Amino acid sequence: MELTLILGISILGLFFALYLIRNVLARDTGTDKMREISDAIKAGAEAFLARQYRTIIYLSFALACLIFILYAFVRAQSPNDPADAMQLAMWTTISFVFGAACSVASGYMGMWVAIRSNIRTAAGAMKDMNSALQASLRGGAVSGFFVVALSLLGVAGLFAIVQASGVTEDIRKIPLLIVGYGFGASFVALFAQLGGGIYTKAADVGADLVGKVEAGIPEDDPRNPAVIADLVGDNVGDCAGRGADLFESTAAENIGAMILAAALFRANETTFLDNGVLLTGVLLFPLVARAFGIIASMIGILIVRTTDAEDPMKALNRGYYVTTVLAMIGFFVASRWLLGEAYYFNFFLCGLIGVLTALAFVLMTIYYTDYKYRPVIAIAEASNTGPATNIISGIAVGMESTAAPVFVIAAAIVGSYFLGESSGLKEAGLFGTAVATMGMLSTAAYILAMDTFGPITDNAGGIVEMSQQKQEIRERTDRLDSVGNTTKALTKGYAVGSAALAAFLLFSAYIDEVKSYNPSFEGVIDLNKPEVFVGALLGAVLVFLFSSLAIKAVGKAAQAIITNVREQFANNPGIMLGTSKPDYGSCVDIATKSALREMVAPGLLVVLLPVAVGLAFRWFFWMHNTPGMPPVGATGAEVVGGLLMVGTITGILMALFLNNAGGAWDNAKKYIETGAFGGKRSEPHKAAVVGDTVGDPFKDTAGPSLHVLVKLLSTITLVLAPLFI
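The paragraphs below set out a description of the structure included in this document. (Residues numbered from 1 in each chain as written. Predicted model: local features only at pLDDT ≥ 70, side-chain atom pairs only at ≥ 80, totals over all residues. Heavy atoms only, no water.)

## A word on the overall build of the chain
If you tally the helices and strands in the chain, you get 23 helices and zero strands. A compact globule built from 725 residues should have a C-alpha radius of gyration of about 27 Å, and the chain, at 25 Å, falls within 12% of that. Taking the principal axes of its C-alpha atoms as reference, the chain extends roughly 85 × 50 × 45 Å. When the accessible area of the chain is evaluated, it comes to approximately 24100 Å², of which 64% is carbon and sulfur surface. (Helix = DSSP H or I, 4+ residues; strand = E, 2+ residues; numbered from the N terminus. Rg over C-alpha atoms; globule rule 2.2 N^0.38 Å. Areas by Shrake-Rupley, 256 points an atom, 1.4 Å probe, with all protein chains shown as cover.)

Okay, structure coming up:
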């Protein structure tokens, strides 16, 4: 029954996404000039994504073949394996390919609708604010529902297929056979987020520095040759990239929670059965709870309405609060139904902790990135004395912003762990933290709708500006764009918060998986062992190397675009006079080629380093131990555990720093553009634009990619753990 419910609600979520597509596409598309600009954005985004996904598919195919070979022919069979070597290799590879395919589909569908929603949002703004708001939010919601529904459908569908195949009679072992699903999703998400982030920020930096600072023309001015590339970048980075990011979050965490649920049932089997609690109920509880979140998000999206006089953010917040309350009701029902009347309440409270953690991250992100508050105002004030002091102040704000989230994460993990421990069940603490993560992700569909809302409204503003519409229409899209900047910052905070909770969940799942394959393992990662300490150091330096490569990639691509724009201005004076059109396509082509070329090295670094460390130290352990004698040193699995633990901690802190520093720089510039400290074209404004361009690769390339890196480390170690033992 539980599986049928999950599959049914997942399919309902996909049908709701199709309803939203039909609703959005039926709306007005404005004037011929607006359609011309929208078509250029659409062509550029689709061309980039087709080339990017072709590269990702080739890389995924090569990795799938490697996984199959390692499992089937390299690794020795263990009596604790959930299936024989060939079946284990087959199901792990199939689940990897399926996860990668679903991630590609969800990211592409989200962007496909977004690049068709921008023109309809712009046309809606010609009528009233409500029309524009609903077009942009419903267009963004398509991505949210495809992501959440496909992730649930994929995990539940794989579970049902493996169960029907009869490969194992113990359904507690099925999650170990489908861990590849999360890895496939993470692998695609890393390259999608990284490539999209490089593209969007290279175009943005190039457009801002030459357009705003050197030429003194407004943002989205049609005379800027990089403006179309900038608008394309909003879609491939924020829509396709973030869609793939949150898809892998939900997929990986669903499987991680199922692994811990299996361990919980194993430790309390007699107690559960005596109280009428079934294995399938406990194992599928995380998926049922998430399924109820889909229904809550549907209702939240449908109730959003506004007026011209109301702040659009208030309408979005109403929808979020309704979604949250309904998701918690669903969580309560799922807990009471599947976990037993004697034990459910503590786990319901764990879910509530997850929801409150999400809200806390949203509020903290607002404080550090909104120009209503001290941190951003301080950066804007520092711009009075030039770019150097602006950058110094922004870095300081970014570093400061890591403290409060860490305390919240700590409270959430400790609180949910001890609620699980005090539930009356054995070894329930880790499952409590898993339930908190499920609670945080229960509103993921609505949150992702708010995130994709941002680039849609940004594009709509660009279309209105470039087609030279009336001032009142531009004012409406400016208001929506301002709200969109806030929602993008909020969802980055939400994403890193969910990554932090999920990291502990997936690390716990890794430890439990290693125990399943190697019962002699005590579940302790001892940093006092030299090999483990070295693994931890490598995990920390991986984060810094990856961030460096991502930021340098943006710098290289931006230099090429800046050179091209300068040459166009110099060689064709008619561009600035408005008598001739710039060559938009050349900037689009430069950004595309640069992003696809530069995304490969940092992506492969993240995938290959943990594998190399695990296999090298596995060999080292074998070489220094004699069969029949007490083992000395650390196994490859322990060393990888150290890499995973410290790499995760470093990645979370670095992501918080990069996201919040970048967001604060961006809004410091926007604060000055409201008229503060001299307003647009003043010296403080030029300094703030420089700070914003420094922050662009922080908040939209390296920072979001680190969310994926943290979870990719967890999923790759989950999939390849048997190879390190």
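## Brief notes about unusual backbone geometry
A positive phi is found at Glu-427, a non-glycine position, where the angle reads about 50°. Tracing the backbone through its elements, the reader meets Glu-427 in the loop between helix 14 (403-421) and helix 15 (429-440). On the basis of relative accessibility, which here comes to 61%, the residue Glu-427 falls in the exposed class. Despite not being glycine, Phe-677 has its phi angle at roughly 55°, a positive value. Along the chain, Phe-677 turns up in the loop between helix 22 (636-673) and helix 23 (683-724). On the accessibility criterion, Phe-677 (30% relative accessible area) is partly exposed. (Buried < 20%, exposed > 50% of the residue type's maximum accessible area, 1.4 Å probe, protein only.)

## Notes on the packing of helix 2 (residues 32-74) against helix 3 (residues 85-125)
In the contact formed by helix 2 and helix 3, the axes pass within 10 Å of each other and the chain directions differ by 175°. On the basis of their axis angle, the class for helix 2 and helix 3 is roughly antiparallel. Class assignment for the residues of the contact of helix 2 with helix 3 results in 28 nonpolar, seven polar and four charged. (Axes fitted to C-alpha atoms, helices over the stretch in contact; angles between N-to-C directions. Parallel < 35°, antiparallel > 145°, perpendicular 65-115°, else oblique. Nonpolar A, V, L, I, M, F, W, Y, C, P; charged D, E, K, R; others polar.)

## Considerations on helix 9 (residues 279-302)
Its 24 residues place the ends of helix 9 36 Å apart at the C-alpha level, agreeing with the 34 Å of an ideal helix rising 1.5 Å per residue. At Phe-285, helix 9 shows its maximal kink, close to 55°; a proline, Pro-286, follows between one and four residues later. Counting buried positions along helix 9 yields 20 of 24 residues, so the element is predominantly enclosed. (Expected span 1.5 Å × (residues − 1). Bend = angle between axes of the 7 residues up to and from the residue.)

## Observations regarding the side chain of Ser-416
With respect to the helices and strands, Ser-416 occurs in helix 14. One polar contact links the side chain of Ser-416 to the main-chain carbonyl oxygen of Ile-413, over a distance of 3.2 Å. (Polar contact = N/O pair within 3.5 Å; in protein donor to acceptor, adjacent residues only side chain to side chain.)

## Some points on the packing of helix 3 against helix 6 (residues 180-215)
Helix-helix packing: each pair is described by the crossing angle between the helix axes and the interaxial distance. Two numbers describe how helix 3 lies on helix 6: the axes approach to 6 Å, and their chain directions differ by 40°. By the angle between their directions, the pair helix 3 and helix 6 is classed as oblique. The interaxial crossing formed by helix 3 with helix 6 has right-handed handedness. Contact residues: Thr-92, Ser-95, Phe-96, Phe-98, Gly-99, Ala-100, Cys-102, Ser-103 and Val-104 in helix 3; Gly-180, Tyr-181, Phe-183, Gly-184, Ala-185, Phe-187, Val-188 and Ala-189 in helix 6. In terms of residue class, the contact of helix 3 with helix 6 is built from 11 nonpolar, six polar and no charged. (Left-handed = near helix turned anticlockwise from the far one by under 90°. Contact = heavy atoms within 4.5 Å.)

## A look at the packing of aromatic side chains
Remark: the centre distance and the inter-plane angle together describe each pair of aromatic rings, the angle taken between the planes. By the definition in use, this model includes 29 aromatic pairs. Both rings, one in Phe-68 and one in Phe-73, keep their centres 6.2 Å apart while their planes meet at 75°; by these two values the pair is edge-to-face. A residue is classified by how much of its surface remains accessible, and Phe-68, at 25% relative accessible area, is partly exposed. Ring geometry for Tyr-344 versus Phe-345: centroids 6.1 Å apart, planes at 85°, classification edge-to-face. Given a relative accessible area of 41%, Phe-345 falls into the partly exposed group. Site record: aromatic cluster; members linked through ring pairs are Phe-96, Phe-183, Phe-187 and Phe-191. (Phe/Tyr/Trp six-rings, centres within 6.5 Å; stacked < 30°, edge-to-face > 60°.)

## Some thoughts on the pattern of salt bridges
Using the criterion set out here, one finds 24 salt bridges in the structure. Across the salt bridge formed by Arg-266 and Asp-512, the nearest N and O atoms sit 3.6 Å from each other. Of the two residues, Arg-266 is situated in helix 7 (residues 227-267) and Asp-512 in helix 17 (residues 471-517); the sequence distance between them amounts to 246 residues. Take Arg-266: its relative accessible area is 42%, and that puts it in the partly exposed class. The class for Asp-512 is buried, based on a relative accessible area of 14%. Bridged by salt links that share partners, the residues Asp-666, Lys-669, Lys-670, Asp-692, Asp-696, Lys-699 and Asp-700 form one connected network. (Salt bridge = Lys/Arg side-chain N within 4 Å of Asp/Glu carboxyl O.)

## Details of empty space enclosed by the protein
Taken as a whole and assessed by the stated rule, the structure comprises three cavities of 30 Å³ or more. Approximately 50 Å³ is the volume attributed to the second largest cavity. At the level of elements, helix 2 and helix 21 (600-623) are the ones that each hand at least two residues to the lining of the second largest cavity. By residue number, the principal contributor to the lining of the second largest cavity is helix 2, which donates four residues. Along the lines of polarity and charge, the residues of the lining of the second largest cavity split into eight nonpolar, no polar and no charged. (1 Å grid on protein atoms, 1.4 Å probe; cavity = no way out; pocket = protein on both sides within 12 Å on 5 of 7 lines; lining within 4 Å. Points joined across faces, edges and corners; volume = space filled by probe spheres on them.)

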